[in-house]
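# Analysis of the macromolecular model
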Amino acid sequence: MKLRFKILLFASSLLLAVIVLVSVFIYWGERRFIIQNAYQEQETIEQGVMQLVRESMLLRDDLLLLKYIRFSLERYPGIVYIAIIDKEKNIIAHSDPDYWKKKYEPKMSGLWKKGQQVRVVRQPIYLGNVLRGEQEIGFSLAYLGQQINRQLMQIFRRIVLAALIAFGLGLAGAFFLANQIVRPIMKLAGAAELIGQGKLDTRISVVGKDELAFLSKEFNRMAEQLNELEKMKEDFVSSVTHELRSPLGAIETYLNLMLERPEELSEHGYEYLIRLKNNTARLANFINDLLDVSRIERGGLVIRRNYFAITPMLEDVLRFFRVPAEKKGIQLISQIAPDLPQIYGDVERLRQVVVNLISNALKFSPESSVIILGAGTSGENLLVWVKDSGPGVPPEHQGKIFDKFYQVVGPDTSIQKGTGLGLAIARGIVESHGGKIWIESPPKDQTTGSCFYFSLPLNPAGI
Ligand SMILES: Nc1ncnc2c1ncn2[C@@H]1O[C@H](COP(=O)(O)OP(=O)(O)OP(=O)(O)O)[C@@H](O)[C@H]1O
Ligand SMILES: [Mg+2]
């Protein structure tokens, strides 16, 4: 799961929990308040009715009492009935004429209107200090419930709206926060990937003073040190190879001189010298390759450009490999297109590329197979390819075989080992000509093997 999503998920769950809790808390508080208010309102109504009853009793006007009762009933829709009872328990006035002049019985309470649930409130009526009877009011519980529910519904809607707005704002905030955290981490990850690819000049801009800024600063310091180490290593390799090159040259010269006079050597001596010469040549090749790689890395590879025809050079390389190919029973096939245009480049360096590709193909091809060297044009480029039917290169290695010292460890250990520098040099040479080199494995028209391509611009920029 991505970090941004994790932060969002965590923040939104937390937000949701807090909002729900606060909403429930507010809702219950409001509910208590509304219920209290409703009962208080009923109390006020009671006092109001009592006032009117007392007034009409003082005036001893029974008709007025009845009028007031009716008036109260119309004015306050929550009232189901009003009954006024004297001290002798006679009903002296009632909102329902059926009960007039009847004897009051406790079982009558709350049952005045059948089918309606009623809250009965009873209060003594005093005129001065004299008790004159009782007032009983039946409030409709359904009406009370409706009133409370209506208000609760309003509160509920407001809470939901506020919660939605709060959640939306919170989510936007969490998104912003997640971005603030994730963006520098992504930048760091991108930079680490570039460093991993060997681009040691990569640096990150340090913004702010928080932990991520500290991490970026430390990352830059690490990259700086890696860069310095890499430079030291390159300097070391370059000076060591230079130092090795001169004495090795002298050894080769003396060996050649000695081999020119075989008559002065014993039979074993001659054989040993030949072996010495072969090994010295291998060592010299390795040192030359190392020197080339170090030149490429420092941008110091000298390219001596000239216009030249590529076909003779390619045919020359084919001729050179004919004998070693025959030894392995391998057929070298040329698919060089006729009338190729001239190339502006370093013929010797490009020959080195083709030699390397064919020597790889020879090294990895099974006996009695076919290797094709092809050349043609493709748009504004010259395309050269070397195709074999060897084991090929698995996709996960294809991006790395052009790195120095990278070799694929295959099951066939009989294949003579190289140094892993050939393709790195080939890439360096092709790229310094403004071209590209790549592999297709297996090639489109085969099920096994590999095809190495390189392309060179026919009209290089700036010429
Ligand atoms: N034609 C090929 N078929 C299969 N694998 C190949 C082929 N060409 C290159 N490779 C793989 O790529 C690796 C790198 O090749 P590269 O030419 O750089 O090094 P090398 O041939 O091992 O050594 P060097 O060329 O320095 O003697 C090889 O070790 C091999 O694993
Ligand atoms: Mg090679």
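Remember, it's a predicted structure, so these values are computed and weren't measured experimentally.

Looking now at the sheet that holds strand S11 (residues 450-457). The five strands lie next to each other as S6-S8-S9-S11-S10, forming an open sheet whose pairing is mixed. Looking at which strands have only one partner, the edges of the open sheet turn out to be strand S6 (331-336) and strand S10 (436-440). Strand-to-strand twist in this sheet, taken as the mean axis angle between neighbours without regard to direction, amounts to 15°. Relative to S11, helix H7 (residues 347-364) is tilted by about 170°, and along the sheet it contacts S6, strand S8 (370-378), strand S9 (381-388) and S11.

Quick look at the side chain of Asp 292 now. Turning to its location among the elements, Asp 292 is positioned in helix H5 (residues 267-298). Not counting residues up to four positions away in its chain, the partners in contact with Asp 292 are Leu 301, Arg 349, Gln 352 and Ile 425.

A word on the nonpolar core. Counting residues in each nonpolar core, the largest one holds 45 residues, and the members touching the most others are Ile 310, Leu 314 and Phe 454. Grouped together as the second largest cluster of nonpolar side chains are 18 residues, Ile 82, Leu 127, Ile 137 and Phe 139 included.

Tallied over the full model, the rule gives seven aromatic pairs. When the ring of Tyr 307 is compared with that of Tyr 344, the centres are 4.6 Å apart and the planes differ by 45°; the resulting orientation is tilted. Highlighted residues: Tyr 307 in strand S5 (residues 306-308) and Tyr 344 in strand S7 (residues 343-345), separated in sequence by 37 residues. Assessed through its relative accessible area of 24%, Tyr 344 is described here as partly exposed. Between Trp 385 and Tyr 453, the ring centres sit 6.4 Å apart and the planes meet at 40°, which makes this aromatic pair tilted. Linking Trp 385 in strand S9 with Tyr 453 in strand S11, this pair joins segments that are 68 residues apart in sequence. Look at Trp 385 and you get buried, because its relative accessible area is 18%. Taken together, the ring pairs connect Tyr 27, Trp 28 and Phe 156 into an aromatic cluster. Positioned above the aromatic ring of Tyr 99 is the side chain of Lys 102, whose terminal nitrogen or guanidinium carbon lies 5.8 Å from the ring centre.

Turning our eyes to something else, we now look at the domain arrangement of the chain. Partitioning the chain into domains gives domain 1 (3-147), domain 2 (211-298) and domain 3 (306-457). One C-alpha centre belongs to domain 2, the other to domain 3; they are set 24 Å apart. Between domain 2 and domain 3, the residue contacts involve 10 residues of the former and 10 residues of the latter. The contact between domain 2 and domain 3 buries some 730 Å² in all, and 66% of this surface belongs to carbon and sulfur atoms. Among the residues of domain 2 in contact with domain 3, Asp 292, Val 293 and Ile 296 are the three that bury the most area, contributing 50% of the side total. The interface formed by domain 2 and domain 3 holds three salt bridges in total. With a shortest N-O distance of 3.2 Å, Arg 349 and Asp 292 are connected by a salt bridge. Across the contact surface, domain 2 and domain 3 share three residue pairs in polar contact (both at pLDDT 80 or more). Examining the composition of the side of domain 2 that touches domain 3, we find that eight residues originate from one element, H5, more than from any other.

This part covers the sheet that holds strand S1 (residues 79-86). With respect to topology, four strands assemble into an open sheet ordered S2-S1-S4-S3, the strand pairing being antiparallel. Of all strands in the sheet, those with a lone pairing partner are strand S2 (91-94) and strand S3 (118-127), marking the two edges. The mean angle between the axes of side-by-side strands here comes to 20°, regardless of whether they run parallel or antiparallel. Pairing between S1 and S2: three bridges, direction antiparallel. Across the sheet, the residue bridging to Ile 84 is Ala 93, located in S2. Helix-sheet contacts for helix H2 (residues 62-75) involve S1 and S2, and the interaxial angle to S1 is about 155°. Its contacts with the sheet place helix H3 (residues 141-196) against S3 and strand S4 (130-140), and it is angled at close to 60° to S4.

Further remarks concern the layout of surface pockets. Empty space within the second largest pocket amounts to approximately 810 Å³. Forming the walls of the second largest pocket are 24 residues, and the residues nearest its centre are Gln 197, Gly 198, Glu 230, Glu 234 and Glu 297. Across the lining of the second largest pocket, the residue classes break down as six nonpolar, six polar and 12 charged. When residues are assigned to domains, the lining of the second largest pocket turns out to be shared by domain 2 (211-298) and domain 3 (306-457), each giving three or more.

The next thing to look at is the pattern of salt bridges. A full pass over the atoms with the stated rule returns 17 salt bridges. Put simply, Glu 224 and Arg 203 hold a salt bridge, and the shortest N to O gap is 3.4 Å. In this pair, Glu 224 sits in helix H4 (residues 211-260) while Arg 203 sits in the loop between H3 and H4, placing the two residues 21 residues apart along the sequence. Take Glu 224: its relative accessible area is 40%, and that puts it in the partly exposed class. Between Asp 316 and Arg 351 there is a salt bridge, with its nearest N and O atoms 2.7 Å apart. With Asp 316 in helix H6 (residues 310-327) and Arg 351 in helix H7, this residue pair connects regions lying 35 residues apart in the sequence. Judged by its relative accessible area of 21%, Arg 351 is partly exposed. One salt-bridge network, in which partners are shared between bridges, spans Glu 230, Lys 233, Glu 297 and Lys 404.

Each value, and the rule that gives it
- Residues numbered from 1 in each chain as written.
- Chains lettered and ligands numbered in written order.
- Predicted model: local features only at pLDDT ≥ 70, side-chain atom pairs only at ≥ 80, totals over all residues.
- Heavy atoms only, no water.
- Pairing = 2+ DSSP bridges.
- Helix = DSSP H or I, 4+ residues; strand = E, 2+ residues; numbered from the N terminus.
- Axes fitted to C-alpha atoms, helices over the stretch in contact; angles between N-to-C directions.
- Contact = heavy atoms within 4.5 Å.
- Core = buried A, V, L, I, M, F, W, Y, C linked by side-chain atoms within 4.5 Å.
- Buried < 20%, exposed > 50% of the residue type's maximum accessible area, 1.4 Å probe, protein only.
- Phe/Tyr/Trp six-rings, centres within 6.5 Å; stacked < 30°, edge-to-face > 60°.
- Lys NZ or Arg CZ within 6 Å of the ring centre and 35° of its normal.
- Domains from an automatic or database assignment.
- Buried area = accessible area lost by both parts, 1.4 Å probe.
- Salt bridge = Lys/Arg side-chain N within 4 Å of Asp/Glu carboxyl O.
- Polar contact = N/O pair within 3.5 Å; in protein donor to acceptor, adjacent residues only side chain to side chain.
- 1 Å grid on protein atoms, 1.4 Å probe; cavity = no way out; pocket = protein on both sides within 12 Å on 5 of 7 lines; lining within 4 Å.
- Points joined across faces, edges and corners; volume = space filled by probe spheres on them.
- Nonpolar A, V, L, I, M, F, W, Y, C, P; charged D, E, K, R; others polar.

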